[in-house]
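# Residue-level structure breakdown
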Amino acid sequence: MTKPNIRWFDDWYVVDEIAPGLYGIGEPKYYQINWNYLIVGDERALVFDTGPGVRDITPVVQSLTDRPVTALLSHLHFDHTGNFHRFADTALADLPILRDSMRDGLFHAPEEMFLGARDGVSWTPMAIGQWWSIGQRVDLGGKELEIVATPGHSPESISLFDREQGILLAADFLYLGNLYGQIPGASLPDYLAAAEALDSLLPDDALILGAHGKPLPDGTHVAPRLARRDLEDLMTGLNAIRDGELPPLSQNPDRYRINDRIALLAGPASYDMWR
Ligand SMILES: [Zn+2]
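A brief look at the structure comes next. (Residues numbered from 1 in each chain as written. Predicted model: local features only at pLDDT ≥ 70, side-chain atom pairs only at ≥ 80, totals over all residues.)

### With respect to the overall build of the protein chain
Each helix and strand counted, the protein chain has six helices and 19 strands in total. Taking all 275 residues of the protein chain together, the buried fraction comes to 45%. (Helix = DSSP H or I, 4+ residues; strand = E, 2+ residues; numbered from the N terminus. Buried ≥ 20, exposed ≤ 12 C-beta atoms within 10 Å, placed from the backbone.)

Structure follows, in structure tokens:
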């Protein structure tokens, strides 16, 4: 892998130019080290997740593209949705559980899907410009992204797949550190089914980018890069958990080793349909 091309935008945001027209926008000083992604096509641009909203992200996006930008959420958790209302054009996955949250023309994230109360943040109601169905290909001009359903971490979670480049933006489905399968709405059976679907979708040399990072040993922050091997380890781990063959490293929540850089957390409700 070539050396990451990273720079600080200001004292909050880091920009990682991953590939031509693909930027990771990281927030290393936020306690969850969130990574949002900007994909720039010839005609339009798409920002996938908008951070916790501690700092306005739109100046970073505007510094990287002059194309019209649509903001799309991977899921509703507060640490990914904070600046969503700052974008003139917004999109959500066209899922019944999301459509159900429209009232009087505005989208209101239900607290059980937003989880902002635990951090003292509240949802800003907003209009939704576009509803993109699962499997839809979003054409940015010379760049096409597919909407892929990846429930498990949460029921409404989606990923974005660039088939031509073999790049998956996996958001909270797969990243470095502890995967949250223990929170309300998480499901290990869903996690396994989605991992199996990705397994048939992704090429062998796929690059998978996650939404939470860890600093490198030298303290540098780069967009979290994962590989197909990590997805395979997740599948192996989930199968073993289902079959009762992988004891947790610790309990409350149950913490399972996936590989040397990924673990999976699970709570009592996460196992539904398996137990
Ligand atoms: Zn999340």
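### Focus: the environment of Arg137
With respect to the helices, strands and loops of the structure, Arg137 is situated in strand 11 (residues 137–139). Here Arg137 falls in the exposed class, since 11 other C-beta atoms lie within 10 Å of it. Once residues lying within four places of it in the same chain are set aside, the contact partners of Arg137 are Glu144 and Glu146. (Contact = placed C-beta atoms within 7 Å.)

### Describing helix 5 (residues 188–201)
The end-to-end C-alpha separation of helix 5 is 20 Å, in line with the 20 Å expected for 14 residues at 1.5 Å each. Where helix 5 is concerned, the buried positions are Leu188, Asp190, Tyr191, Ala194, Ala195 and Leu198. One face of helix 5 carries all of its buried residues, which in axial projection span an arc of 150°. On its buried face, helix 5 is in contact with strand 12 (144–149), strand 15 (177–181), helix 6 (228–242) and strand 19 (262–266). (Expected span 1.5 Å × (residues − 1). Arc of directions from axis to C-beta.)

### Side note on the sheet that holds strand 18 (residues 254–259)
Across the sheet, three strands lie side by side as 15-19-18; this open sheet has mixed pairing. Here the strands that pair on one side only, and so sit at the sheet edges, are strand 15 and strand 18. Here the average twist between neighbouring strands, direction ignored, is 25°. Across five bridges, the pairing between strand 18 and strand 19 is antiparallel. When the sheet's bridge partners are listed, Arg255 is paired in strand 19 with Leu265. The strands touched by helix 6 within the sheet are strand 18 and strand 19, with strand 18 carrying the most contacts at an inclination of about 140°. (Pairing = 2+ DSSP bridges. Axes fitted to C-alpha atoms, helices over the stretch in contact; angles between N-to-C directions.)

### Topic: the pairing of strand 16 (residues 207–210)
Residues Leu207 and Leu209 line one face of strand 16 and the alternating positions Ile208 and Gly210 line the opposite face, and both faces are buried. Pairing of strand 14 (residues 167–171) with strand 16, which is carried by four bridges, proceeds in the parallel orientation. Bridged to Leu168 within strand 16 is Ile208. Pairing geometry for strand 16 and strand 17 (residues 225–227), over three bridges, is antiparallel. Of the residues in strand 17, the one forming a bridge with Leu207 is Ala227.

### Considering the packing of helix 5 against helix 6
Orientation of helix 5 relative to helix 6, taken along the N-to-C sense of each, is 145°, at an axis distance of 9 Å. Between helix 5 and helix 6 lies a crossing whose hand is left-handed. Where helix 5 approaches helix 6, its residues Leu188, Tyr191, Leu192, Ala195, Glu196, Leu198 and Asp199 are matched on the opposing element by Leu231, Leu234, Met235, Leu238, Asn239, Ile241 and Arg242. Of the residues that constitute the contact of helix 5 with helix 6, the class distribution is ten nonpolar, one polar and three charged. (Left-handed = near helix turned anticlockwise from the far one by under 90°. Nonpolar A, V, L, I, M, F, W, Y, C, P; charged D, E, K, R; others polar.)

### With respect to the sheet that holds strand 3 (residues 22–27)
Strands sit in the order 1-2-3-4-5-6-7-10 across an open sheet of eight strands; the sheet is mixed. The sheet is open, and its two edges are formed by strand 1 (5–8) and strand 10 (130–132), each paired on a single side. Within the sheet, the average angular offset between the axes of one strand and its neighbour, ignoring direction, is 25°. The pairing of strand 3 with strand 4 (residues 34–40) spans six bridges and is antiparallel. Of the residues in strand 4, the one forming a bridge with Gly26 is Trp35.

### Notes on the environment of Gly41
Along the chain, Gly41 turns up in the loop between strand 4 and strand 5 (45–48). Accessibility expressed as a C-beta count within 10 Å gives 18 for Gly41, which makes it partly exposed. Here the alpha-carbon distance between Gly41 and Gly142, two residues 101 residues apart in the chain, equals 5.9 Å.

### Brief notes about the nonpolar core
Counting residues in each nonpolar core, the largest one holds 74 residues, and the members touching the most others are Leu38, Ile39 and Ile208. Excluding its chain neighbours within four sequence positions, the residues that come into contact with Ile208 are Leu168, Ala170, Leu174, Leu226, Ala227, Asp230 and Leu231. (Core = buried A, V, L, I, M, F, W, Y, C linked by C-beta atoms within 7 Å.)

### Details of helix 6
The terminal C-alpha atoms of helix 6 lie 21 Å apart, and with 15 residues this matches the ideal 21 Å at 1.5 Å per residue to within 8%. Within helix 6, burial applies to Asp230, Leu231, Asp233, Leu234, Gly237, Leu238 and Ile241. The buried residues of helix 6 all sit within an arc of 160° when viewed along its axis, so they share a single face. Along its buried surface, helix 6 packs onto helix 5, strand 16, strand 17, strand 18 and strand 19. After helix 6 finishes, the residue Gly244 shows a positive phi value of roughly 70°.

So, to be careful, I would describe these as geometric facts and stop short of saying anything about function.
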